[in-house]
Every structure is written in C-alpha cells, then in structure tokens.
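Examining the three-dimensional arrangement
So the chains spell out like this:
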Amino acid sequence: MGFSFRLLRAAAALAIAALLCLADAGRRAPLVPAQAAQVTLAQVAGAVPSSSQAALAGGHWERTGQGHIPMPQGVPAAHASALLALPATHPSALLAFWFAGDRESAPNVQIAMSALDRASGSWSPARRVVDRWEMGAQLGFGIRRIGNPVAWLDGQGQVHLFVVATGLGGWAAGRVVHLRQSAPTPQAPWAWEAVAVLPLSWLWNTSYLVRTAPLPLADGGLVLPAYFELARKYPVALRLDAQGALRAMAPMSTQGQMLQPALLARDQREWLALMRDSGPAGRIRVARTLDAGVRWSDAEDLPLDNPNASVATLTAGGQHLLVYNPQKSGRDRLRMASSLDGTLWSSMVELENGPPGSEYSYPAMALVDGQVWVSYTDQRQSIAWQRFAWVSQAWAAPDKGRP
Amino acid sequence: MSWVDGSDWLRLVQDAAPLLPQPSLLPMLRQAGWALVLAALVTALVQCFDARWLRDKGRLLALVGALWACIPGPWGLSYWLGLAFQTPSLMAIGLALSYLWRSVVQRRWPQSAQYPDPASARQRSLAWQDRYALFGIAMGWLLLLDVFAYLPWSVYAWGFHPSANGLLLLVALWPWIASGRASTLMQAPSKVLLPVLALFWLSRWPTGNLWDAVLDPWLFVGLHGYMLMRYRKRQRA
C-alpha cells in the first residue's frame with residue numbers, strides 16, 4: 001500500500017517537473033542549427049577568384065604594403081592583435097586591437113586600438129579603449145590583468161569585444177568578458193562598456209580564454225573559439241546569438257594539450273579548427289565538425305610544424321589562408337600558406353624571417369575590399385602589418401601576343 | 001576520447017538557448033550575497049572560540065563584515081571576493097540566511113540545531129541533510145571532472161537546459177516522495193532548495209546556469225567538511 005502511494009507521489013512529482021521543463025523551455029528562443037555565413041564570398045566578389053582550381057591557378061597573392069600600427073605614446077610592449085573589417089560605408093576600413101603596457105601581464109596593460117582610414121589608408125594614433133579598473137567598476141568586481149582581445153561586428157554595425165580578464169592568478173585564471181560598443185562622443189569616438197562575463201565554467205568561471213577570430217553565422221550570430229588552460233588545455237566552440245549572448249558551448253577536443261583554435265568553414269556545416277599544440281608533437285593540430293559545431297572530433301594533424309604558437313586563418317574567395325610560425329621551436333619566422341580544402345597547404349610567402357631569438361607571433365587576418373591584411377606581434381614591442389592583393393595571371397604576365 | 005561518443009547528449013543540451021540574467025542587477029546580488037555569506041561565516045567562527053567577549057561581539061563583527069562587503073568598488077570586500085570567486089551560489093546565500101535566522105534572530109546556536117545526537121528524535125530529518133550533502137558532493141565531483149574535460153559530455157552545459165530544472169525539482173521534492181508528508185519539506189534542506197530554485201527560475205541568478213545557482217565550489221568544499229564532521233560524530237555515538 002505504502003509503495004503504491006510512493007509511486008503515485010513520484011508520478012505526481014515527475015508530472016510537476018515535466019510541466020516545469022515545458023514552461024522553462026517555452027520561455028527560450030529556439031536554437032536553430034548553425035550555418036557559417038557566406039559573407040566573405042560576397043565581400044570579395046570580383047576581387048578574389050572563386051573556388052575552382054583553374055581560377056586560383058591563374059594568379060597569386062602579392063604583397064602591396066607593410067608597416068607598423070602606431071603604438072600608444074610611451075608604451076613599450078604590445079601583443080596579441082585582432083583585426084576587424086568594417087563595412088564599405090564606414091569611414092574606417094579596418095580596426096586593430098591589441099594589448100599594450102609595460103609588458104605582458106603588467107598591471108598597466110590596456111586594450112589599445114587603431115583605425116585604418118579608408119580614404120587616406122593611414123592608421124589613426126593608437127588610443128586605449130579598455131582598462132581593467134573601468135571594466136571592474138562596470139562589472140562590480142576586481143580584475144587582476146587583461147589580455148587577448150577578439151573583435152566582432154554585429155548586424156547593427158556595433159563592435160563587440162571579447163577580452164581575457166584574469167581573476168586570482170595568471171592567464172590560467174582568465175575569464176572572457178564581453179564588451180559592447182557604446183554610443184560615440186566627441187571625446188570618445190570609440191568606447192566600449194562591459195556587458196557580462198561569459199559563464200563558461202563551474203570552477204569560479206576561471207581558465208577560459210579567447211584569442212582567435214570568430215566565425216560569423218548566417219543567423220547574425222557567431223562561433224567564438226575559446227580554450228581552457230588550467231593544467232589541461234582544450235578548445236571549446238561558443239555559439240553566441242546576434243546580440244553576443246551565449247547560446248551553446250561544445251568542447252572540440254579532450255586531448256588536453258590543444259588551444260587557441262582558429263576556425264575555417266569548408267562549407268556552411270563542415271568546419272575545421274586549426275590549433276596550437278602545447279604538447280611534444282610540435283604540429284598544427286586539427287578538430288573537425290560536420291554539423292556546424294554540435295559535435296567535434298579530432299582530425300589528423302596538419303603536416304606543418306608549430307612551436308606552440310597561435311595561428312590565424314581566413315577564407316578569401318575560394319581559398320583558405322593560414323599564417324603560422326613554420327618551425328618546431330622559436331617564433332622567428334612567420335609564413336602565409338594557402339589551401340583549397342583546409343588540409344593540404346602550400347607555402348605562399350615568408351612574412352618574416354628574423355634572427356634566432358626574435359619573435360614574430362600571434363597573427364591575425366582580415367579581408368578588406370578584396371585585400372588580405374595580416375597583423376602580428378613584432379618583438380613584443382609593436383604590432384606589424386602586411387597587405388596582400390590578388391594579382392591575376394593575365395595582369396602579372398600579359399599574353400605573349402599582346403603589345 | 002572523441003566527442004562523437006557523447007554526441008546525442010550534446011544534441012540534447014543544445015536544442016534550446018540558455019536564459020541569462022539581466023547583468024544590471026548582478027553587482028547588487030554579488031554584494032548582498034557575499035554580505036550574507038560573510039556574516040554567517042563570522043557568526044559561525046566566533047562560536048568556535050571559548051572567549052566570552054568574542055562571542056558577545058559576534059553579531060557586531062558579522063555586521064561589520066556584511067557592511068564591508070556591501071561597499072561598492074575597490075574599498076568593498078565583495079569587489080575582491082568577486083575577483084577570485086565571482087558570486088556565491090543562491091544555495092550558499094540561502095543557507096547563510098537560514099543560519100543567520102536561526103542563530104541571530106531566533107538565537108538558536110547552530111551546534112544544537114544542526115548536529116544533535118544521532119539517536120535523537122530528529123535523526124530522520126538529519127538523514128535527509130546527509131543525503132542532500134552526499135548528492136551535492138557527487139554533483140560537485142562530476143562538475144569538477146567536467147571542468148577539466150575528463151567526461152565525454154558537458155555537465156556544466158547541461159545546467160543551461162530546462163531538463164536540469166526538472167531534475168533539481170525532483171531532488172527538492174525527494175523527501176515528500178519518500179515520506180508522503182509535506183512537512184518533511186520544511187525539515188529537510190528542501191526548505192532552502194525550493195526557494196532557491198524558484199528564485200533561479202525567476203531571475204536566472206547568478207549566471208543563468210543552474211549549477212552555479214545551487215552549488216558553488218566553496219559550498220562543495222564545505223559539504224565535504226560537513227560530512228566529515230557527521231562521520232566523526234557517528235563514530236563517537
């Protein structure tokens with residue numbers, strides 16, 4: 001008798017719990033399957049060839065400029081740049097963000113930015129746009145250090161920043177803070193306000209960092225690659241909506257030594273993540289998804305050396321581009337390579353080849369008006385840039401019969 | 001281990017977007033939460049000392065700690081506690097409130113209320129406390145393994161899903177299911193868990209993730225201490 005009543009109560013409790021689940025689910029927006037946006041193809045139509053092998057064989061990327069982005073006055077150290085292309089209607093063509101201060105992890109490190117003027121093609125003087133004290137005041141708790149910035153442009157033309165902010169400890173105590181561009185004023189034409197810390201971990205939300213560029217989605221949202229690095233290092237894909245709010249998270253690998261995933265969309269649903277390897281293999285590691293980020297699995301390593309250093313990827317027209325340090329140790333060389341499928345890469349150009357001990361690292365890439373921009377850390381002192389334009393074979397080597 | 005092994009589970013936890021809290025109220029919750037937790041900790045701590053003057057000043061010390069936590073900005077304790085430990089869970093805040101209510105307002109010191117003789121008439125309700133503590137410890141270990149990616153699926157991500165709410169409601173109703181008496185809900189930790197779940201459903205505090213609302217790492221550590229004390233008490237009895 002008692003057992004029957006217990007069963008009845010259990011059934012009643014289950015019914016209440018089921019109703020609660022339904023009511024709770026009803027308050028939420030449905031999560032439609034993700035699809036990578038195809039914006040890069042539209043942006044570069046005409047400037048960069050389509051994906052056919054024949055079209056790509058008829059030209060090459062040629063360096064059309066290089067230099068350094070201005071540093072904030074009197075700041076000796078810079079690292080971890082991120083690039084963000086702006087729409088063609090914007091007076092600035094490209095934004096660069098990086099962290100700058102006395103040294104990496106110094107108390108006075110701030111996020112600096114510079115804008116590339118579309119008309120003149122010159123970089124604006126660097127300005128400091130995010131500091132830990134202001135960010136802490138907005139969030140209501142202290143921030144020990146700030147680090148890698150990642151930038152994203154939403155559908156309304158608002159620039160979002162995702163910035164690493166540490167709690168008690170070094171980078172392994174990092175959190176990801178989401179900042180949204182605030183209304184410009186004459187004194188601060190570029191300003192950001194902290195929205196929230198992305199909730200990623202139960203352990204006081206520590207040890208998640210970002211570094212590499214997000215993958216835009218067709219629904220206006222993005223996939224933000226992030227990674228965990230306390231003792232074990234593993235990458236995760238964060239799906240954010242068109243406002244930058246967290247919608248889903250999926251670990252990409254559990255091997256424990258991969259970080260800083262750089263995403264490549266082979267098509268709308270099949271993506272690759274090329275990753276820095278902190279283990280002894282010294283290779284660029286790969287994870288792959290066939291269902292737009294719901295499930296990831298480890299794929300075969302690329303036959304490219306990697307000295308435990310960040311890589312950058314970009315899809316331009318029909319080809320994928322990769323910037324990486326092509327060596328097992330040291331960061332004194334930086335190379336750009338291209339691929340049609342993301343797995344077979346051919347070397348394109350040596351961006352830097354410095355003496356042993358020099359450092360060219362942490363690249364970022366963006367596509368602006370059909371031109372590829374690459375930025376990277378130069379000796380930890382400044383951010384260098386190089387620009388490449390697609391030169392078709394007909395232009396580079398005219399037909400023999402032509403005058 | 002490949003993530004393909006946990007694919008169906010991942011699909012389950014990714015079919016609905018998480019509900020997140022309004023960030024504007026979070027600093028206030030953090031200050032109030034740390035104020036209550038600190039006040040409860042100070043109150044509990046002074047009871048451990050024999051010095052009468054310290055016991056007499058216990059409430060004053062707790063008040064000072066709470067007020068200190070409420071100061072916004074770098075002069076406030078919650079600003080620095082938030083740096084390291086973010087926001088205490090709603091459960092920790094609820095337990096702190098319950099403890100302060102008993103010990104300060106009702107003036108029933110916790111030693112007698114919380115850890116009576118196991119042979120006493122209240123043994124059954126204490127057994128519920130132990131069961132909930134063991135559940136919290138098990139859940140905490142799962143979450144900790146998940147943090148370091150030792151599990152084939154993400155327990156933490158499940159905390160954003162509606163089904164986690166249903167499971168925790170069943171856990172909160174467990175004493176009623178087992179005993180048939182609604183009054184058991186007022187004796188067991190359900191009396192704290194049920195309001196915590198209700199507040200979470202309404203506010204999504206502190207992060208939108210259910211596990212952050214019901215079990216923070218310090219509470220997880222505290223549950224180990226509690227169970228250790230219970231074990232030693234049972235050994236002595």
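Residues numbered from 1 in each chain as written. Chains lettered and ligands numbered in written order. Predicted model: local features only at pLDDT ≥ 70, side-chain atom pairs only at ≥ 80, totals over all residues.

Here we look at the overall build of chain B
Inclusion rule: Working definition: helices are DSSP H or I runs of at least four residues, strands are E runs of at least two. Numbering for both runs from the N terminus. The exposure label follows from counting other C-beta atoms within 10 Å of a residue's C-beta, where the C-beta atoms are placed from the backbone and the thresholds are 20 or more for buried and 12 or fewer for exposed, leaving partly exposed in between. Placing a C-beta atom from the backbone of each residue, one calls two residues in contact when those atoms lie within 7 Å.
When helices and strands are tallied, chain B shows 14 helices and zero strands. Its helices and strands taken in sequence order, chain B reads α-α-α-α-α-α-α-α-α-α-α-α-α-α from the N to the C terminus. Relative to its full complement of 237 residues, chain B shows a buried share of 40%. Taking the contacts inside chain B whose residues are at least 6 apart along the sequence as the reference set, 74% of them involve residues at least 24 apart.

Digging into the pairing of strand β7 (residues 159-166) of chain A
All names here are of chain A. This is how it is decided: DSSP-based pairing: two strands are paired if at least 2 bridges between them are found.
Judged by how many residues are buried, β7 sits mostly within the fold: seven of eight residues are covered. Pairing analysis gives six bridges linking strand β6 (residues 146-153) to β7, with the strands arranged antiparallel. Note on β7: the bridge partner recorded for Ile 146 is Ala 165. In this structure, the hairpin formed by β6 and β7 is closed by a connection of five residues, where Gly 157 is found at a positive phi of approximately 80°. In this sheet, strand β8 (residues 174-181) lies alongside β7 in antiparallel orientation, the contact comprising seven bridges. Considered in β8, the bridge of Thr 166 is made with Gly 174.

With respect to the packing of helix α6 (residues 90-105) of chain B against helix α12 (residues 190-203) of chain B
All names here are of chain B. How we decide: In this description, a line fitted to the C-alpha atoms serves as the axis of each element, helices being fitted only across the stretch in contact, and the angle between N-to-C directions of two axes falls anywhere from 0 to 180 degrees. Comment on the angle field: the value is read as roughly parallel under 35 degrees, roughly antiparallel over 145, roughly perpendicular from 65 to 115, and oblique elsewhere. Handedness of each helix crossing follows the sense of rotation of the near helix against the far helix: counterclockwise by less than a right angle gives left-handed, clockwise gives right-handed. In this classification, the charged set is Asp, Glu, Lys and Arg, the nonpolar set is Ala, Val, Leu, Ile, Met, Phe, Trp, Tyr, Cys and Pro, and all remaining amino acids, among them Gly, are polar.
Between α6 and α12, the shortest axis-to-axis distance is 9 Å and the interhelical angle comes to 135°. Taken as axis vectors, α6 and α12 run oblique relative to one another. Both α6 and α12 take part in a crossing whose hand is right-handed. Here Leu 90, Met 91, Gly 94, Leu 95 and Ser 98 of α6 lie close against α12, whose contacting residues are Val 192, Leu 193, Pro 195, Val 196, Leu 199 and Phe 200. Of the residues contributing to the contact of α6 with α12, the split by class is nine nonpolar, two polar and no charged.

Some details on the nonpolar core
Convention followed: To define a nonpolar core, we join buried Ala, Val, Leu, Ile, Met, Phe, Trp, Tyr and Cys residues through C-beta atoms within 7 Å and take the resulting set. For the domain bounds, the source is a domain assignment made automatically or taken from a database.
With 168 residues, the main nonpolar core has Val 176, Leu 274 and Met 365 of chain A as its most contacted residues. Both domains that meet at this core, namely domain 1 (23-114) and domain 2 (120-237) of chain B, each give it at least three residues. When neighbours within four sequence positions are excluded, Met 365 of chain A is seen to be in contact with Leu 83, Ala 312, Leu 314, Leu 321, Val 323, Val 372, Trp 373 and Val 374 of chain A.

Regarding the interface of chain A and chain B
Listed by partner, the interface residues are 52 residues for chain A and 52 residues for chain B. Those elements giving two or more residues to the side of chain A that touches chain B turn out to be α1 (2-26), β9 (192-197), β14 (246-251) and β18 (297-299) of chain A. A total of 13 residues in the side of chain A that touches chain B trace back to one element, the largest contributor, which is α1 of chain A. Taken together, the residues of the side of chain A that touches chain B break down into 34 nonpolar, seven polar and 11 charged.

A short note on helix α4 (residues 58-70) of chain B
Side chains three or four residues apart in an α-helix point the same way, a direct result of the helix having 3.6 residues per turn. All names here are of chain B. Note the following rule: Multiply 1.5 Å by the residue count of a helix minus one, and that product is the helix's expected span. Summarising the geometry, the arc corresponds to the directions from the helix axis toward the C-beta atoms.
Across its 13 residues, α4 extends 18 Å between first and last C-alpha, which sits within 8% of the 18 Å expected from 1.5 Å per residue. Of the residues making up α4, those classed as buried are Gly 58, Ala 62, Gly 65, Ala 66 and Ala 69. Along the long axis of α4, the arc covered by the buried residues comes to 95°, so they all point the same way. In this fold, the buried residues of α4 make contact with α2 (26-46), α3 (52-56) and α5 (77-85).

A look at the domain arrangement of chain B
Residues and elements named next belong to chain B. Domain boundaries assigned for chain B yield domain 1 (23-114) and domain 2 (120-237). For domain 1 and domain 2, the distance between their C-alpha centroids amounts to 21 Å. Each partner contributes to the interface: domain 1 provides 12 residues, whereas domain 2 provides 15 residues. Contributing elements (two or more residues each) for the side of domain 1 that touches domain 2: α2 and α6.

Quick word on helix α4 (residues 132-139) of chain A
Residues and elements named next belong to chain A. Within the span of α4, buried status applies to Arg 132, Met 135, Gly 136 and Leu 139. Seen end-on, α4 carries its buried residues on one side only, within an arc spanning 100°. The secondary structure elements touched by the buried residues of α4 are β5 (127-130), β6, β7, β8 and β9. At the C-terminal side of α4, Gly 140 shows a positive phi close to 90°.

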